[in-house]
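Listed below, chain by chain, are the residues.
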Amino acid sequence: MAFTNDEVLAGLAELITDETGISADEVALEKSFTDDLDIDSISMMTIVVNAEEKFGVTIPDDEVKNLKTVGDAVGYITSHQA
Amino acid sequence: MSTTMIQPAGPAHTRILAYGAARGENVVPNDDIVGPIDSSDEWIRQRTGIITRTRAGASTNAIDLATDAAAEAVSRSGIPPEKIDAVIVATISNPKQTPSVSAIVADRIGANPAAAYDLNAACAGFAYGVAQADALIRGGIAHYAVVVGAEKLSDIIDPTDRSISFLLGDGAGAAVIGPSDTPGIGPTVWGSDGSKADLVGMNATMTEFRDGTAPWPTLRQEGPSVFRWAVWDMVKVAREALDAAGVEPDDLAAFVPHQANLRIIDEFAKQLKLPDSVVIAHDIETTGNTSAASIPLAAHRLLEEHPELSGGLALQIGFGAGLVFAAQVVVLP
């Protein structure tokens, strides 16, 4: 079953809250993981691994560097679903 | 008629008899190293859990640290040093490639002419050494072995590097391993993945340095990628080591992972679903990451702080540059 953009955003927000304590309300498509949400590289990797499991996608290390905003991650996940 | 050759066999079981430890004599707080990396005490604590790291002075080398740790382990074991017939030193940082650290250590602790060799398995080196000592003794070609992890990493760091240098400390940890009436060292689950050799290691070769085409070689890592491998891939290895030993997480008294970074240790323990009863080694907080030395240093400290753990089961796992990894369950001495 493919997830919609809204479902991926909501699921990602949940994972970000679990890892960092940041309120899900603050997680929006235009937010930068580092500059706006202050998520460090280790937390980012934890979120990525949990997102892989939650959404059934593979996000290689080299791709993680390109995921600058929440929207980048949502876009990557929705376009790489099996 | 041809003669049938003798092939040796040793005792059925081995165990760790005692640990020894030596740390660099200088306690280096975060504030002393944040300048060149434009960082802060808070940034380092939050990302690594490290408050201080121990580093050795100019007159102390990895051989000195290894000797002190090995001598303590032998003394605590009660085994006369002349009965030690194998000395294995895991190290990646001794700047003199040959002769080996191990031969000098064997001589200094009174174990001359023990078999002696160094091994390079980075942060998995001690667990590799335990696997080898266990096999050497059960194979009948050694009776008592000393396994040492020894590093003076401060010789191969770059103060301006933000990837790994600020994590690193100097120290040595040692264990004496000998025969046992009951199982004391579980099956080792070990391996490597050279396709990821570039994730951690030296940033240049000695010949490039000699030829003036590179600065003094120092350590670097791809932190996030190493983190992913060190937690989610290594958890599978840890589970295999538990299964191979016939041990459940509930059976463990302690978890002694390589002291790479507190964030790795915490996430690892979470993924492994260890019960609260398992004491987790946190030597990283004050010693830093000492590569091959970190597991025996952490185990030595755990037993100092929690003597009630003696006789309990500990899961130890090392992982690092290579990439290489090794895990086994041991009975704490």
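Analysis parameters
- Residues numbered from 1 in each chain as written.
- Chains lettered and ligands numbered in written order.
- Predicted model: local features only at pLDDT ≥ 70, side-chain atom pairs only at ≥ 80, totals over all residues.
- Helix = DSSP H or I, 4+ residues; strand = E, 2+ residues; numbered from the N terminus.
- Rg over C-alpha atoms; globule rule 2.2 N^0.38 Å.
- Buried ≥ 20, exposed ≤ 12 C-beta atoms within 10 Å, placed from the backbone.
- Contact = placed C-beta atoms within 7 Å.
- Pairing = 2+ DSSP bridges.
- Axes fitted to C-alpha atoms, helices over the stretch in contact; angles between N-to-C directions.
- Nonpolar A, V, L, I, M, F, W, Y, C, P; charged D, E, K, R; others polar.
- Core = buried A, V, L, I, M, F, W, Y, C linked by C-beta atoms within 7 Å.
- Domains from an automatic or database assignment.
- pLDDT = per-residue confidence, 0-100.
- Left-handed = near helix turned anticlockwise from the far one by under 90°.

1. Some words on the overall build of chain A
So, step 1. Looking only at helices and strands, chain A has four helices and zero strands in total.
So, step 2. Its helices and strands taken in sequence order, chain A reads α-α-α-α from the N to the C terminus.
So, step 3. Relative to a compact globule of 82 residues, whose C-alpha radius of gyration would be 12 Å, chain A shows 11 Å and is just as compact.
So, step 4. For chain A, buried positions account for 29% of its 82 residues.
So, step 5. A separation of at least 24 residues holds for 59% of the contacts in chain A among residues at least 6 apart in sequence.

2. A closer look at the sheet that holds strand β12 (residues 279-280) of chain B
All names here are of chain B.
So, step 1. With mixed pairing, the five strands of this open sheet are ordered in space as β8-β14-β13-β11-β12. Two strands bound the open sheet, and with one partner strand each, they are β8 (189-192) and β12.
So, step 2. In the sheet, strand β11 (residues 252-257) pairs with β12 via two bridges, with the strands oriented parallel. Residue pairing for β12: Phe255 is matched across the bridge by Ile280.
So, step 3. Contacting β11, β12 and β13 (313-320), helix α9 (residues 294-305) runs over the sheet at an angle of about 145° to β11.

3. Here we look at the interface of chain B and chain A
So, step 1. On the chain A side, the residues contacting the nine residues of chain B number nine residues.
So, step 2. Only α6 (223-245) and α7 (262-272) of chain B provide two or more residues apiece to the side of chain B that touches chain A.
So, step 3. Looking at which element gives the most residues to the side of chain B that touches chain A, the answer is α6 of chain B, with six residues.
So, step 4. Looking at the side of chain B that touches chain A residue by residue, the class counts come to three nonpolar, two polar and four charged.

4. Topic: the nonpolar core
When a protein is soluble and globular, its nonpolar side chains tend to lie buried together.
Residue and element names in this part refer to chain B.
So, step 1. Ranked by internal contacts, the top residues of the largest apolar core, which has 136 residues, are Ala66, Ala145, Val146 and Val148.
So, step 2. For this core, the element with the most residues is α6, which contributes ten residues.
So, step 3. Two domains share this core, each providing at least three of its residues, namely domain 1 (13-180) and domain 2 (189-331).
So, step 4. Leave out the neighbours within four places in its chain, and Ala145 touches Ile84, Ala86, Ile88, Ala133, Leu136, Ile137 and Ile177.

5. Notes on the confidence of the model for chain A
Where the model shows low pLDDT, its predicted coordinates should not be examined in detail.
So, step 1. Averaged over every residue, the pLDDT of chain A is 91; the share at 70 or more is 99%.
So, step 2. Mean pLDDT values for the elements of chain A range from 91 in helix α3 (residues 61-64) of chain A up to 93 in helix α4 (residues 70-79) of chain A.

6. A word on unusual backbone geometry
Residues and elements named next belong to chain B.
So, step 1. Across the junction of Thr98 and Pro99, the peptide omega takes the value 5°, indicating a cis bond.
So, step 2. Relative to the assigned elements, Pro99 resides in the loop between β4 (86-90) and α3 (101-108).
So, step 3. For the bond running from Asn112 to Pro113, omega is 15°, close enough to zero to count as cis.
So, step 4. You can see Pro113 is positioned in the loop between α3 and β5 (115-119).

7. With respect to the domain arrangement of chain B
So, step 1. When its domains are assigned, chain B resolves into domain 1 (13-180) and domain 2 (189-331).
So, step 2. The set of elements that each furnish at least two residues to the side of domain 1 of chain B that touches domain 2 of chain B consists of β1 (13-23), α1 (41-48), β3 (52-55), α4 (125-138), β6 (145-152) and β7 (170-180) of chain B.

8. Some thoughts on the packing of α6 of chain B against α7 of chain B
When two helices pack together, their arrangement is given by the angle between the helix axes and the distance between those axes.
Residues and elements named next belong to chain B.
So, step 1. At their nearest, the axes of α6 and α7 sit 9 Å apart, and the two run at 35° to each other. The two elements α6 and α7 cross, and the hand of that crossing is right-handed. On α7, the residues that touch Phe227, Ala230, Val231, Trp232, Met234, Val235 and Ala238 of α6 are Ile264, Glu267, Phe268, Gln271 and Leu272.
So, step 2. By residue class, the composition of the contact of α6 with α7 is ten nonpolar, one polar and one charged.

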